Amino acid sequence: MKRLLLAILVLGVQPTAATGQTELGLDAGAVITRAGGSTVTTIGIPTSTLRVGFHAGENVIFEPLVTFAYLNGGGSSVTTLQFVPGLDFLLGESGAYLRGELAIAYASAGGSSDSDFGFGGAIGTRKANADGTALVRLEGAVQRWPDEFAASTVIRLSVGFSLVIG
């Protein structure tokens, strides 16, 4: 199953150079994770996520996200890294969009590590400045990580800023 998801990511969502525009952005936000009856809330300011968006058509953007976190305290540490490729479907001229995403995560803690695949979706809005060289966005997302070891549901709320290149 994991190999099938990886093949879909690599072969199925490759961007085209339809418009030549690329967006480079940073998001600040809150992430709420529920797993095994526990809830963990993480707030990332000034940034928790790096995004790069490639316009793959007039109303579609291929936009991978990357997050990294390192926590250290009490003699132990936790490291997490996520790569979340997604497709943003723009809904007309309003700036609203829907996002579908697959995700790959790596976590290391206490001398052990694990990786997992997840999936999710988001709804958001984007607002460009007058000359279209910058964007501000608001997004709410839900991800599901089905792995038996670390099954969880993640809610992501973010505010982002992007520069438009090209």
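Structural notes, computed from the coordinates. (Residues numbered from 1 in each chain as written. Predicted model: local features only at pLDDT ≥ 70, side-chain atom pairs only at ≥ 80, totals over all residues. Heavy atoms only, no water.)

1. Side note on the pairing of strand β5 (residues 76-84)
Then step 1. The pairing of strand β4 (residues 65-73) with β5 spans 9 bridges and is antiparallel. Residue pairing across strands places tyrosine 70 opposite threonine 79, the latter belonging to β5.
Then step 2. Sheet analysis places β5 next to strand β7 (residues 96-109), joined by 6 bridges and oriented antiparallel. The partner of threonine 79 across the bridge, within β7, is serine 108. (Pairing = 2+ DSSP bridges. Helix = DSSP H or I, 4+ residues; strand = E, 2+ residues; numbered from the N terminus.)

2. Side note on the packing of aromatic side chains
Then step 1. Tallying each qualifying case throughout the model produces 1 aromatic pair.
Then step 2. With a centroid separation of 6.4 Å and an interplanar angle of 20 degrees, the aromatic rings of phenylalanine 54 and phenylalanine 62 are classed as stacked.
Then step 3. The exposure class of phenylalanine 54 is partly exposed, given its relative accessible area of 30%.
Then step 4. Taking relative accessible area as the criterion, phenylalanine 62 reaches 10% and is therefore assigned buried. (Phe/Tyr/Trp six-rings, centres within 6.5 Å; stacked < 30°, edge-to-face > 60°. Buried < 20%, exposed > 50% of the residue type's maximum accessible area, 1.4 Å probe, protein only.)

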